[in-house]
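Structural description and commentary
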Amino acid sequence: MEDVQGQVQSLTDGMSYIYTAKAAASEYKIAKERNEAAIVHQRAQESKSLDLQVLEAKKAALQLEIELVKLKGGSLSG
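The notes below deal with the structure included here. This is a predicted model, so every value here is computed, not measured. (Residues numbered from 1 in each chain as written. Predicted model: local features only at pLDDT ≥ 70, side-chain atom pairs only at ≥ 80, totals over all residues. Heavy atoms only, no water.)

Quick look at the overall build of the chain
- Along the backbone of the chain there are one helix and zero strands.
- Computed over the C-alpha atoms, the radius of gyration of the chain is 33 Å, more than 25% above the 12 Å expected from 2.2 N^0.38 for a compact globule of 78 residues.
- By its C-alpha atoms, the chain is 110 × 15 × 10 Å across when sized along the principal axes.
- Within the span of the chain, comprising 78 residues, buried residues form 1% of the whole.
- As presented, the chain carries roughly 7,300 Å² of accessible surface, and 61% of it is formed by carbon and sulfur atoms.
- Distance between charge centroids for the chain: 15 Å, based on 10 positive and 11 negative side chains. (Helix = DSSP H or I, 4+ residues; strand = E, 2+ residues; numbered from the N terminus. Rg over C-alpha atoms; globule rule 2.2 N^0.38 Å. Buried < 20%, exposed > 50% of the residue type's maximum accessible area, 1.4 Å probe, protein only. Areas by Shrake-Rupley, 256 points an atom, 1.4 Å probe, with all protein chains shown as cover. Lys, Arg positive; Asp, Glu negative; His and termini not counted. Charge placed at Lys NZ, Arg CZ, Asp CG, Glu CD.)

This is how it looks when you write it as structure tokens:
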């Protein structure tokens, strides 16, 4: 009887270990996915910021071009 109880306990311990390992692996996977999502979000924010800087530079260039046209007397051809 004790032999059977020992085997049951051994199986129970083994199953407990497997479930614990699976839970730890799942938690690691979730944490990794969250980290990757945070990195993707950060890169998207950086990209949007750079796009905004490009648009601001284009705006400034257009404003300078308008000013140049005004200084040349309003003619669009040089």
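Focus: helix H1 (residues 2-71)
- With 70 residues, H1 ought to run about 104 Å at 1.5 Å a step, and its terminal C-alpha atoms sit 103 Å apart, in line with that.
- One or two residues past the end of H1 sits Gly 73, with phi positive at roughly 95°. (Expected span 1.5 Å × (residues − 1).)

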